[in-house]
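Chain by chain, the residues run as shown.
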Amino acid sequence: MKFGVVRFPGSCDEHDALLACRRFADAELLWHGERDLKGVDAVVIPGGFSYGDYLRVGAIARFSPVMEAVGEWAAAGGPVLGICNGFQVLCEAGLLPGALLVNAELRFLCRQVEVEVVNAETPFTSTCDPGERLSVPVKHTTGRYFAPELELDELERSGQVVLRYLPGQNPNDSRRDIAGVTNRAGNVLGLMPHPEHAVDALTGSTDGARIFESLASLSPA
Amino acid sequence: MTDKLMRAERTSGNEEDARSLGLTAQEHHRIVDLLGREPNGVELAVFSLMWSEHCSYKHSRKLLRRLPTEGAHVVMGPGENAGAVDVGDGLCVAFKVESHNHPSAVEPFQGAATGVGGIVRDVFAVGARPIALLDSLRFGELDSPRSRYLFSGAVAGIGHYGNSIGVATVGGEIYFEPAYESNCLVNAMCVGLAPRERLIRSAAAGEGNQLVLLGALTGRDGIGGASVLASAQLDVGDPSKRPSVQIGDPFEEKKLLECSLELLERGLLRSLQDLGAAGLSSSASEMASKGAVGIDLDVARVPLREQGMEAFEIMVSESQERMLCVVEPERLGHVLGVCAHWEVRATTIGEVTGSGRLRVLERGHVVGDMPVTALVDDCPLYDLAPAPPTARVYPDPPRRLPDAGSAADTLLALLASPNIASKRFAYEQYDSIVGSRTVRRPGTADAAVLMLAGDGGSGALAIAIDGNGRRVACDPYTGAIEAVLECARNLACVGAEPLGLTNCLNFGNPEKPHVAWQLERAVDGLAAACRALMVPVVGGNVSLYNESDEGPIYPTPVVGMVGRLADPALAPGIGLREPGHAIALVGPFAPALAGSELERLRGRMADGLAEVDLEAQARAIVALREAVATGGIASAHDISDGGLACALAECVLDGGIGARVELEALAATVGGEEATLFGEGAGGVLVSGPIEALQPLSETGELLWLGEAGGEALELRMGADSLSLSMSQVRAAYERGIPDRFS
Amino acid sequence: MPGCAAAAPDSRVRARVLIRPKQGILDAQGQTVERALPALGFEGVSNVRIGRLIELEVEDPARIREMCERLLANPLIEDYEVSLEER
Amino acid sequence: MPGCAAAAPDSRVRARVLIRPKQGILDAQGQTVERALPALGFEGVSNVRIGRLIELEVEDPARIREMCERLLANPLIEDYEVSLEER
Ligand SMILES: Nc1ncnc2c1ncn2[C@@H]1O[C@H](COP(=O)(O)OP(=O)(O)O)[C@@H](O)[C@H]1O
Ligand SMILES: [Mg+2]
């Protein structure tokens, strides 16, 4: 099992993601300018500010060569995990429904939050118990999840809402407290909280490890 | 082309021009002597900046020699872009603090952002990967709309830049005092990590080696940091030629940072230097000076953001996100390849010569030619003329609290005072966890703790930044000592041994005798405290002329310290951890109301602070550190602003566990209930843990048992008197203190 | 009735404010976008400038300029341009 | 010389793109500004909307719409309006 962590110019959490992946499997970096996914079994798009997030978060990164490859990979059912900026990029690329808007407070916010695992039957949450609570940090300015109401209903019905902020924990006024969603097929997950920053008790919590553990337990493609 | 050349020559560098650029008549004469002729316009521009206070330290350099700079762990001392100390396992930590006060007062968001960008470049200029930022901020009080604007803008700017480049902002401090109303302070500290052999110096070397400029385009940003320069030589009526506010581009910095580190990792550079104040002028002459070589550079090769820039403008532009490096010709291709990979512009703009001169060319024609030593070493250094003030320098602060009041109300007022209240509003805007090293986040421990395991090191770094200008204003010598002690004590609270210190001296106009006196006394205090603690000063920065019609700012030496501890898992936070744990006070501690936050709220300001027994303080710090490092101590929190009662409230809030303490014994030695509860002074630390774990501290130093953790309230008893507040009351005061000032 | 209300003598004016980075001030966003475009398959684009658009309705259009100076724009680093549109 | 270059037969077109948050999407920035105005003494301001202004020069104006759809705006959350101006 091997993870590939995409690196854009302006990525910030790619090494954190790499370290988190390596606790459970092999992992290497994938350069934004190359279409080659180097035979990895799961792709992680990490946090940061790809291309400075100038213009609009995630807007430029989606056009990079590596994202073409990620698009094909996702269409073929390959698992893709987008964290924070990665979530934004996946939404922009049309690989995930919805969009992320600037936080209601208009400010960057770095804080530990609690989320509930709403769907424990995805490749990303298979080692979680349904309803399990995870303590994971968020850190972003643009994390307010938005999708039209009808689409939100549909997301809920089809089990695409995977993570939800616990009552009182929604840090950005996301619609329906959504913290993480998948695509229809369930093989692409985007989430605003940073599981890679919750894999070591020394730095705060180990709850985020569940996500990487779940992915690592998939049988290699 | 000829037209420009002529213009450069026509613009004379006579005495009058020199004065308009901030040089004195004597300084101009000296330049004429050193050159053997009058400087031309380009040369005068370069000299005026190199001989400015900012670059030459002409009013502070002699004083700085009093600071101890040697120590067992020092790898690079003052003089390089950042100082560095050895942290074992072949790793070094490079760090420095720098001010961006004036730009932040003009445009707080960009001023603070570019301040962060600048200090980060200083750290990667020595080859270290920046891993942490801290900020030390001073503003007027928050009832002033301007102060609110400056504060929220500066915090957002720091967050914007640090977050965007993936460097964790792990600590800092903020004070609001009327003395900073017209001159806010924005100091930023950056800490970087490097394998020892990767550290690089800025000395240019090797005749014929190429000078390569990396990064952003050059524009008319902050020309000279002083508009006089532009207005002296340019048509002021032409707005396109006015100097402009520097805008930070963190995305460019991030690429530049990764690219520079990769170039160093591959061993492709002979030397590296950031472009900071005075731009190319300063970086090229510093590089040449340190290597005892010359540099030829052609301004026409510098990629520009704006058309029609003059040679002098290109030489002094302070455009951000640029670095200069020296490359052997045979490696140039490889260097350009790495830069292309990172999408970083790289342009050869000159070369190293054996001439010992900085020659400025424009399309091959010489438009400036100056001995490097004249630029860097020959600026006259001035002796200060210190004299203690004959009258009060600072008015009493506005009165916000009556003298009479219950202890409970006083405590709530102190907790809600923005100087003491939670700084969550600020630190939640900072990414404090990127890098996966942060073991103790802002607000949870007295020093930030960053583990080194992921970097091939062992143990952890502890970092703190401190400085209370009001106390330094009360007593510059003792106040400065207290700043160093507090920093060291903060490190001791997480069990860390200090390895080195950096400082930023923020003062008023040093040409005024009483400001010179503040500066001299403060530097002597810093030096004495560093010697007592055996902590070397490895770098720093000086920011003078922070002064307005209302007078100077409080003298504000800001001290940043980096230490090392063996086991991050043992590093206590400030929060009480378990009901039933004993709470004790570690001393020596002789709190007094003089210079305290309570005194300030009551509209008074003391003249003089109680003397500090440095030896005893140093011993206590070592004892505390050793006790903490052996484990068992559950929490440790230094008593600082607001005294013991506020410190205990913070232990309670962070731990979410109440406390009951009995202070009668302490009050008997301190004398006075208020001084016991709210008095300040060096030395006090609140610790908690199982009794057996705290016991050893009573053998090595002063330890006073106060009570125990438990319950839902904060209860302080003193004989018959008692003060009891519920956790939620305490929390509301502490958490709402700053946000309420904005609503 | 609703039609009536809309036609009521409401003196509100709709205003549009365009805010641009001042000449000579680094437009980091515009520059980055311009540099990134060719690699993304968008050739032949130049002089990209990115600014802000603010639209609002005001009772007293005479005060818009002051609002721009004090809140909407940062006159140190931005230029602004106001246009009005009667409702 | 420079004058010459500018006068060259360049077919570039200057375009202005205004990007607005879609109706029905909470415009947090606009609301914040609207709430801040009265405290500064600016009464009677309503319907503040904040968007982006992008100006650029293109060789092929036919591609602007595509650029807007794919890059400059996000049609799920934003509307855009393009205006061209021959140089
Ligand atoms: N207060 C101080 N204490 C110790 N060293 C200082 C102090 N102020 C400046 N220095 C040292 O003087 C040198 C020049 O400082 P500075 O001009 O700020 O450097 P840079 O141009 O790299 O920003 C640096 O090596 C710095 O560490
Ligand atoms: Mg430097």
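Our structure is the block above this text.
A brief look at the structure comes next. Bear in mind the structure is a predicted one, so any value in this text is a computation, not a measurement.

Regarding the coordination of the magnesium ion (ligand 2)
Residues and elements named next belong to chain B. Taken together, Asn81 (OD1), Asp122 (OD) and Asp274 (OD) make up the full set of protein donors to the magnesium ion (ligand 2), lying 2.1 to 2.4 Å away. Within one chain, the residues donating to the magnesium ion (ligand 2) are spaced in sequence as N-x40-D-x151-D. Placement of the pair is Asp122 in helix 8 (residues 108-125) and Asp274 in strand 8 (residues 271-274), with a sequence separation of 152 residues. Residue class for Asp122 comes out buried when judged on its relative accessible area of 5%. By relative accessible area, which is 6% here, Asp274 ends up buried.

A short note on the site of ligand 1
All names here are of chain B. Residues in contact with ligand 1 amount to 17 residues; listed here are only the nearest, Gly79, Glu80, Glu98, Asn503 and Gly540. Taking Glu80, its main chain carries an N or O atom lying 2.7 Å from an oxygen atom of ligand 1. Within the residue set of the shell around ligand 1, elements represented by two or more residues are strand 3 (91-99), strand 17 (497-506) and strand 18 (537-543). When grouped by side-chain class, the residues that make up the shell around ligand 1 number seven nonpolar, six polar and four charged.

A short note on the nonpolar core
Ranked by size, the top nonpolar core spans 101 residues in total, and within it Leu81 of chain A together with Leu56 and Leu72 of chain D carry the most contacts. Beyond its immediate stretch of four places on either side in the chain, Leu56 of chain D contacts Val45, Ser46, Asn47 and Val48 of chain C together with Val13, Arg14, Ala15, Ile64, Met67 and Leu72 of chain D.

Here's the deal with the pattern of salt bridges
Applying the stated criterion to the full structure yields 89 salt bridges over all chains. The network of salt bridges with shared partners includes Glu141, Asp143, Glu177, Arg400, Arg470, Glu597 and Arg600 of chain B.

So, empty space enclosed by the protein
Where empty space is left becomes clear once a probe the size of a water molecule has been rolled over the atoms. All names here are of chain B. Counted according to the given criterion, the structure contains four cavities of 30 Å³ or more. Taken as a whole, the largest cavity spans an internal volume of roughly 160 Å³. Lining the largest cavity are 16 residues, and of these Asn468, Arg471, Glu482, Glu486 and Ser640 lie nearest its centre. Elements with a contribution of two residues or more to the lining of the largest cavity: helix 18 (469-474) and helix 19 (476-493). With five residues, the single largest contributor to the lining of the largest cavity is helix 19.

So, helix 3 (residues 85-92) of chain A
Residue and element names in this part refer to chain A. Across the eight residues that make up helix 3, a large majority, eight, are buried. Buried within helix 3 we find Asn85, Gly86, Phe87, Gln88, Val89, Leu90, Cys91 and Glu92. Remark: Gly94 follows helix 3 within two positions and exhibits a positive phi of approximately 75°.

Concerning the packing of aromatic side chains
Scanning all chains against the criterion turns up 15 aromatic pairs over all chains. When the ring of Tyr51 of chain A is compared with that of Phe251 of chain B, the centres are 6.0 Å apart and the planes differ by 40°; the resulting orientation is tilted. Placement of the pair is Tyr51 of chain A in the loop between strand 3 (42-45) and helix 2 (65-75) and Phe251 of chain B in helix 11 (residues 250-265), with the two residues belonging to separate chains. The class of Phe251 of chain B is buried, set by a relative accessible area of 5%. Their ring planes at 20° and their centres at 5.2 Å tell us that Phe425 of chain B and Phe742 of chain B sit as a pair that is stacked.

Topic: the arrangement of the chains
Ranking by contact count across five pairs of chains in contact places chains C and D at the top. One finds no contact linking chain B with chain D; the least C-alpha distance across the pair is 10 Å.

Section: the interface of chain C and chain D
The partner chain D presents 34 residues to the 34 residues of chain C that form the contact. Across the interface of chain C and chain D, roughly 2,900 Å² is buried in total on both sides, 56% from carbon and sulfur atoms. Summed over the three residues of chain C that lose the most area to chain D, namely Phe42, Leu53 and Leu71 of chain C, the buried surface amounts to 20% of that side. We note a salt bridge from Arg20 of chain D to Glu55 of chain C, for which the minimum N-O separation is 2.6 Å. Across the chain C-chain D interface, the total number found is 17 residue pairs in polar contact (both at pLDDT 80 or more).

Describing the relation of the copies chain C and chain D
The relation between the two chain copies is a rotation about an axis coupled with a shift along that axis. With an axial shift of 0.2 Å and an RMSD of 0.6 Å, the rotation relating chain C to chain D amounts to 179°. Expressed as an axis order, the relation between the two copies is that of a two-fold axis. Among all C-alpha atoms of chain C, that of Arg52 of chain C lies closest to the rotation axis, at 2.1 Å. Both copies present the same face, since 94% of the interface residues in chain C are matched by interface residues at the equivalent positions in chain D.

Overview of the packing of helix 3 (residues 64-72) of chain C against helix 2 (residues 28-39) of chain D
Across the interface, helix 3 of chain C lies against helix 2 of chain D with an axial gap of 12 Å and an inter-helix angle of 110°. Considering the angle they form, helix 3 of chain C stands roughly perpendicular to helix 2 of chain D. Residues Met67, Leu71 and Leu72 of chain C of helix 3 of chain C form the contact with helix 2 of chain D, whose participating residues are Val33, Ala36 and Leu37 of chain D. Looking at the contact of helix 3 of chain C with helix 2 of chain D residue by residue, the classes come out as six nonpolar, no polar and no charged.

Remarks on the sheet that holds strand 18 of chain B
All names here are of chain B. Read across the open sheet, the six strands follow the order 14-15-16-21-17-18; overall the sheet is mixed. Lying at the two open borders of the sheet, with one neighbouring strand each, are strand 14 (438-440) and strand 18. Between one strand axis and the next, the sheet turns through 20° on average, direction left out of account. Of the strand pairs in this sheet, strand 16 (residues 460-466) and strand 21 (residues 556-565) are connected by seven bridges, and their pairing is antiparallel. Bridging across to strand 21, Leu461 finds its partner in Arg564. Against the sheet, helix 19 touches strand 16, strand 17 and strand 21, its axis set at about 25° to strand 21.

Here we look at the sheet that holds strand 8 of chain B
All names here are of chain B. Spatially, the seven strands line up as an open sheet ordered 8-10-7-11-9-12-13, and their pairing is mixed. The outermost strands of the open sheet, each flanked by one partner alone, are strand 8 and strand 13 (365-371). Neighbour-to-neighbour, the strand axes of the sheet open up by a mean angle of 25°, direction not taken into account. Strand contacts of helix 8: strand 8 and strand 10 (322-327), with the helix running at about 170° to strand 8, the strand carrying the most contacts.

Some thoughts on the side chain of Thr122 of chain A
Residue and element names in this part refer to chain A. Considering the arrangement of structural elements, one finds Thr122 in the loop between strand 6 (109-117) and strand 7 (133-140). Overall, the relative accessible area of 6% leaves Thr122 in the buried class. Within polar-contact distance, the side chain of Thr122 engages the side chain of Thr125 at 2.6 Å.

Some thoughts on the packing of helix 16 (residues 407-416) of chain B against helix 23 (residues 643-655) of chain B
All names here are of chain B. Relative orientation of the contacting elements helix 16 and helix 23 amounts to 70°, with a least axis distance of 10 Å. Classed by the angle they form, the pair helix 16 and helix 23 counts as roughly perpendicular. Taken as a pair, helix 16 and helix 23 cross one another with a handedness that is right-handed. Along its contact with helix 16, which presents Leu411, Leu414 and Leu415, the element helix 23 presents Ala645, Cys646 and Ala649. Considering only residue class, the contact of helix 16 with helix 23 consists of six nonpolar, no polar and no charged.

Let's talk about the interface of chain D and chain A
Facing the 16 residues of chain D at the interface are 19 residues of chain A. Summed over both sides, the interface of chain D with chain A buries roughly 1,400 Å², with 64% coming from carbon and sulfur. Together, Arg70, Leu71 and Leu76 of chain D form the three largest contributors to the area buried by chain D at its contact with chain A, with a combined 36%. Applying the counting criterion to the chain D and chain A interface returns one salt bridge. Linking Arg56 of chain A and Glu78 of chain D is a salt bridge whose minimum nitrogen-to-oxygen distance equals 3.7 Å. Joining chain D to chain A, the criterion identifies six residue pairs in polar contact (both at pLDDT 80 or more).

The rules behind these values
- Residues numbered from 1 in each chain as written.
- Chains lettered and ligands numbered in written order.
- Predicted model: local features only at pLDDT ≥ 70, side-chain atom pairs only at ≥ 80, totals over all residues.
- Heavy atoms only, no water.
- Donors = N, O, S within 2.8 Å, 3.2 Å for Na, K, Ca; no water.
- Helix = DSSP H or I, 4+ residues; strand = E, 2+ residues; numbered from the N terminus.
- Buried < 20%, exposed > 50% of the residue type's maximum accessible area, 1.4 Å probe, protein only.
- Near = heavy atom within 4 Å.
- Polar contact = N/O pair within 3.5 Å; in protein donor to acceptor, adjacent residues only side chain to side chain.
- Nonpolar A, V, L, I, M, F, W, Y, C, P; charged D, E, K, R; others polar.
- Core = buried A, V, L, I, M, F, W, Y, C linked by side-chain atoms within 4.5 Å.
- Contact = heavy atoms within 4.5 Å.
- Salt bridge = Lys/Arg side-chain N within 4 Å of Asp/Glu carboxyl O.
- 1 Å grid on protein atoms, 1.4 Å probe; cavity = no way out; pocket = protein on both sides within 12 Å on 5 of 7 lines; lining within 4 Å.
- Points joined across faces, edges and corners; volume = space filled by probe spheres on them.
- Phe/Tyr/Trp six-rings, centres within 6.5 Å; stacked < 30°, edge-to-face > 60°.
- Buried area = accessible area lost by both parts, 1.4 Å probe.
- Least-squares fit on C-alpha atoms with pLDDT ≥ 70 in both.
- Axes fitted to C-alpha atoms, helices over the stretch in contact; angles between N-to-C directions.
- Parallel < 35°, antiparallel > 145°, perpendicular 65-115°, else oblique.
- Pairing = 2+ DSSP bridges.
- Left-handed = near helix turned anticlockwise from the far one by under 90°.

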